[in-house]
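Breakdown of the fold
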Amino acid sequence: MNECGVDRTCRENVLAIQPYVPGKPIDECKRELGIEHFVKLASNENPFGASPAAKAAMVAMVAECHMYPDGGSYVLRHALASHMDLSADHFLIGCGCAEILNMLAETVLEPGDELLYGWPSFSTYEFMANLMKARSVQVPLMDFAFDLDAMAEAVTSKTKMVIICNPNNPTGTVVDATSVERFLDRMPEELLVVLDEAYAEYVHDFDYPDSRKLILEGRNVISLRTFSKAYGLAGARIGYSVARPALTEAVNKVRQPFNVSSIAQAGAVAALADQEHLRASVQFADKGRAQLYEAFTAMGLAYAPSWTNFVLVDIGIDAAKAFDELLQRGVIVRPQTSCGLPTHLRVTVGTPEENVVFVEALKDVLAAMR
Ligand SMILES: *Cc1c(COP(=O)(O)O)cnc(C)c1O
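None of these values were measured; they are calculated from a predicted model. (Residues numbered from 1 in each chain as written. Predicted model: local features only at pLDDT ≥ 70, side-chain atom pairs only at ≥ 80, totals over all residues. Heavy atoms only, no water.)

This next bit is on the overall build of the protein. Within the protein, the regular secondary structure consists of 15 helices and 13 strands. By the burial criterion, 53% of the 370 residues in the protein qualify as buried. Considering only contacts in the protein between residues 6 or more positions apart, those separated by 24 or more positions represent 73%. As displayed, the protein offers around 16,800 Å² of accessible surface, 54% of which is attributable to carbon and sulfur atoms. In the protein, 32 positive and 47 negative side-chain charges are present, and the distance between their average locations comes to 2 Å. (Helix = DSSP H or I, 4+ residues; strand = E, 2+ residues; numbered from the N terminus. Buried < 20%, exposed > 50% of the residue type's maximum accessible area, 1.4 Å probe, protein only. Contact = heavy atoms within 4.5 Å. Areas by Shrake-Rupley, 256 points an atom, 1.4 Å probe, with all protein chains shown as cover. Lys, Arg positive; Asp, Glu negative; His and termini not counted. Charge placed at Lys NZ, Arg CZ, Asp CG, Glu CD.)

Let's shift gears to the sheet that holds strand β12 (residues 334–335). What the four strands build is an open sheet, ordered β9-β10-β13-β12; its pairing is antiparallel. A strand with exactly one partner marks an edge of an open sheet, and here the two such strands are β9 (302–304) and β12. Pairing between strand β10 (residues 310–314) and strand β13 (residues 344–348): five bridges, direction antiparallel. In the sheet register, V311 faces β13, and the bridge partner there is V347. Of the strands in this sheet, β9, β10 and β13 are in contact with helix α13 (residues 275–299), which crosses β10 at around 10°. (Pairing = 2+ DSSP bridges. Axes fitted to C-alpha atoms, helices over the stretch in contact; angles between N-to-C directions.)

Attention now moves to the nonpolar core. Ranked by internal contacts, the top residues of the largest apolar core, which has 81 residues, are I164, F183, V193 and F227. Top contributing element to this core by residue count: helix α6 (residues 96–108), with seven residues. For this core, the domains that each give at least three residues are domain 1 (22–49 + 276–369) and domain 2 (52–273). Apart from the residues within four sequence positions on either side, I164 is in contact with F146, L148, M151, V175, F183, V193, V194, L195 and D196. Counting residues in each nonpolar core, the second largest holds 32 residues, with F38, F296, I317 and I332 among its members. (Core = buried A, V, L, I, M, F, W, Y, C linked by side-chain atoms within 4.5 Å. Domains from an automatic or database assignment.)

Not every one of the 13 residues close to the ligand is listed here, only the nearest: C97, Y199, T226, S228 and K229. Within the contact set of the ligand, a nitrogen atom lies 2.7 Å away from a side-chain nitrogen or oxygen of D196. Within the side chain of R237, an N or O atom sits 2.7 Å from an oxygen atom of the ligand. For the ligand, the accessible surface in isolation is 380 Å², of which the surrounding protein chains cover 93%. Among the elements that take part in the shell around the ligand, α6 stands out by supplying three residues, more than any other. (Near = heavy atom within 4 Å. Polar contact = N/O pair within 3.5 Å; in protein donor to acceptor, adjacent residues only side chain to side chain.)

This structure, assessed with the given rule, holds 17 salt bridges. Residue K160 pairs with D113 through a salt bridge whose shortest N-O separation is 2.9 Å. One end of the pair, K160, is in strand β5 (residues 159–165); the other, D113, is in the loop between α6 and β3 (114–119), and 47 residues separate them in sequence. Taking the relative accessible area as the measure of exposure, K160 reaches 28% and is therefore partly exposed. When its relative accessible area of 11% is taken as the criterion, D113 is described as buried. Across the pair E217 and R219 runs a salt bridge, and its minimum N-O distance is 2.9 Å. (Salt bridge = Lys/Arg side-chain N within 4 Å of Asp/Glu carboxyl O.)

What follows is about the packing of helix α4 (residues 52–61) against helix α12 (residues 262–273). One can describe the packing of α4 onto α12 by two numbers: an axis separation of 8 Å at closest approach and a directional angle of 150°. Here α4 is positioned roughly antiparallel relative to α12, judged by the angle of their axes. Between α4 and α12 lies a crossing of right-handed hand. Of the residues in α12, those in contact with A53, A54, A57, M58 and M61 of α4 are S262, I263, A266, G267, A270 and A271. (Parallel < 35°, antiparallel > 145°, perpendicular 65-115°, else oblique. Left-handed = near helix turned anticlockwise from the far one by under 90°.)

Shown next as structure tokens:
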């Protein structure tokens, strides 16, 4: 029995939603364990940080905080348009691309519809389906990557939306442009394909899908990008989508009038203008990944080669227990048990020093647990 009949008041599918489990906050760990210094490598935050110009723009915008922001994010949409050589009406700005995923669910999914995606992937996709009383159809990854052939086979007359997480979180793998185009060729016209490209900026020297080209071809796709990862603005909460103007306009109808703060908009405009900082941020992640790979290889641990700022590593022992042991040693990572990967950890690329702290702690834990 639920208190005060909450079970009868609330939508059944909402009560059934499993709460999102975020990376464990540092303050909570400090309180619980009484450890003063923590290294948090659990939420793919970027320790390289935001562009100094973005920080300055946000500080300057604080003076305007008594005013509502420009709900239409005019300046940022035009800056993105010139950056990508598209028009402003291709862009929608969200409070992180997490909000745009929610808006897409509200715009597209009816109860009973199918939302198709690979698994393991980003847990928000399951949430989107539950929110709308739609059905999640999860297609197992192949060699840690999205299996687009199997996904195309899984499409039914009820499938309304497909999500390709590229690079995929938590595996770090990518699918190439040719595979995506071949997949799109097989999709019915009315089916929306979401390209979740939260880590796109990290991909280089690879035949990565060109979402601009796909959109100009008139494909039914929407590409999601964020300032949270490579741009280092996770706390500002701002991301965007790129799609044909008609689709963008439809999704924009469910947007809260003032969904993105003026501070976040100012930060994003300045961050976008500082591509030098972005390149340095990507190099920082490249170097940190190489550092982790080298350590994993020396320890005899298998990992999935990643195109992001995190690495999925198979530690060969119970990852949930190893997570607790690492916590005792002041390191927060992300076990992948709930994704059906009981011996894998996802670790965010930290600073060179943080990576060393993690590697040493992991060696210690493996020695103790093996
Ligand atoms: C981080 C992430 C997002 C969302 O990021 P926002 O901070 O909401 O912009 C979306 N998809 C994937 C796969 C992510 O890892």
